[in-house]
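Here are the chains, one letter per residue:
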Amino acid sequence: MPLDYETLRVIWWILLGVLLIGFAVMDGFDLGVAMWLPALGKSDNERRIIINTVGPTWEGNQVWFILGGGAIFAAWPQLYALSFSGFYLAMLVVLLSLILRPVGFKYRSKLKDSSWRTFWDYALFIGGFVPALIFGVAVGNVLQGVPFHIDDNLRVFYTGTFFGLLNPFALLCGLLSVVMLAMHGASFLNVKTEAPVQQRAKCASRVCALLVMVLFAAGGMWLYYSIDGYSLTSVMAHDGPSNPLHKTVEQAGMAWFSNYQSYPVTMFVPAIGFLGALIVLFFARFAKLSFVGSALSVAGIIGTVGISMFPFILPSSTFPQESLMVWDSSSSQLTLFIMLIATVFLLPIVLGYTAWVYRVLRGKVTESAVLSNDQSY
């Protein structure tokens, strides 16, 4: 086989990160725009403008969500089994919230009654706010470790509860996720709308950028001083079989920062998170540059989590030695190789048609365009 098992595992760890960042960047501004709908739209026409900035493209952006879930299922089956079953109630809440989006988009303008439209405006707000919050809460719990164990038959047992996920550090991560995607959504509205909505979006993006930096720094300090990370303490074959039971792991303070000490060049990843937010804060008057900065901030913050945890994927808080790692929880070498070949052909197609769609739909959404188009939301 052209690529060895260790290389394939690292490639698919990187690809998983790329897909998750792709989802956060591409669908993140959809969630952010929905969160801003009641606040930035002061009239029905302004709210219709906001909705129509994402109305034609939000379904296509969901592709990244599907790709991320598919990659977890195919490349990291034990991670899929544990996260989608252990976090079942949280996933159900996310799913129900996401269902509000297509219903809200399609039904809001069916009636001209103001109370009807206001109801769907807040339904769309919930459809943006709740998934952003829960995704952040999930990341906060992963950084602390998730209560699960694996028996001798490699069956995974999750022993936590839904409300146990809502701990203080996880809620801080959830708040960071909400503010981060709100910044991204406001930056997108800055690109796609005209005054007065654009001016409000510009101001909102600056406020969120400042909060993103504060919360990102606060989360890092909390993680550094108060939360134990996980460290591999045994020799482990990087091309060995996928069995999480053949290693020893210990919890240790500042363990999540060891990669930055061993490889200082990785510090550029969290630096991008701060730099992107700074671009939004100081250059919001340049709408496209501000949006690029927002996307960089999102990518940097998510990338920071991946760099900090590598090679861990999902640590166990109850039995650390049974944590899932890049080296012991992947699919077979043949499966990873076949999927990589498919990805090499299919991912450029996804990127190509996405770029083409946004080129066709470039330009601002104006009030006259919305009112003159019977097909607009």
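A brief look at the structure comes next.

Here's the deal with the layout of surface pockets
Logical step 1: Space inside the second largest pocket adds up to approximately 880 Å³.
Logical step 2: If you go around the second largest pocket, you meet 34 residues; those closest to its centre are Phe29, Phe188, Lys192, Tyr358 and Leu361.
Logical step 3: Listing elements by their share of the lining of the second largest pocket, those giving two or more residues are α1 (5–26), α3 (44–54), α9 (168–192), α13 (287–309), α14 (333–360) and α15 (367–372).
Logical step 4: Classifying every residue of the lining of the second largest pocket gives 21 nonpolar, nine polar and four charged.

Brief notes about a nonpolar patch on the surface
Logical step 1: Judged by side-chain polarity, Tyr88, Leu89, Leu92, Leu95, Leu96 and Ile99 come together as a nonpolar surface patch covering roughly 580 Å² of accessible area.
Logical step 2: Relative to the assigned elements, leucine 92 resides in helix α7 (residues 88–107).

A few points about the environment of valine 137
Logical step 1: Tracing the chain through its elements places valine 137 in helix α8 (residues 114–144).
Logical step 2: Valine 137 sits 40 residues away from serine 177 along the chain, and the two C-alpha atoms are 8.3 Å apart.
Logical step 3: With residues near it in sequence (within four places) discarded, valine 137 still touches Leu165, Leu166, Ala170, Leu171, Cys173 and Gly174.

With respect to the pattern of salt bridges
Logical step 1: With the rule as written, the count across this model stands at eight salt bridges.
Logical step 2: Of the charged contacts in the structure, one is a salt bridge between glutamate 46 and arginine 200, with a shortest N-O distance of 2.7 Å. A residue pair is termed long-range when its members are at least 10 positions apart, and glutamate 46 in helix α3 and arginine 200 in helix α10 (residues 197–226) qualify at 154 residues.
Logical step 3: Across the pair aspartate 121 and arginine 108 runs a salt bridge whose closest N-O atoms are separated by 2.5 Å. In this pair, aspartate 121 is assigned in helix α8 and arginine 108 in the loop between α7 and α8, connecting sequence segments 13 residues apart. The burial state of aspartate 121 is the same as that of arginine 108; both residues are buried.
Logical step 4: Beyond isolated ion pairs, a larger network of salt bridges with shared partners links Asp44, Arg47, Arg108, Arg117 and Asp121.

What counts, and where the lines are drawn
- Residues numbered from 1 in each chain as written.
- Predicted model: local features only at pLDDT ≥ 70, side-chain atom pairs only at ≥ 80, totals over all residues.
- Heavy atoms only, no water.
- 1 Å grid on protein atoms, 1.4 Å probe; cavity = no way out; pocket = protein on both sides within 12 Å on 5 of 7 lines; lining within 4 Å.
- Points joined across faces, edges and corners; volume = space filled by probe spheres on them.
- Helix = DSSP H or I, 4+ residues; strand = E, 2+ residues; numbered from the N terminus.
- Nonpolar A, V, L, I, M, F, W, Y, C, P; charged D, E, K, R; others polar.
- Patch = residues over 30% accessible without salt bridge, like charges linked within 9 Å, V, L, I, M, F, W, Y side chains within 5 Å.
- Areas by Shrake-Rupley, 256 points an atom, 1.4 Å probe, with all protein chains shown as cover.
- Salt bridge = Lys/Arg side-chain N within 4 Å of Asp/Glu carboxyl O.
- Contact = heavy atoms within 4.5 Å.
- Buried < 20%, exposed > 50% of the residue type's maximum accessible area, 1.4 Å probe, protein only.

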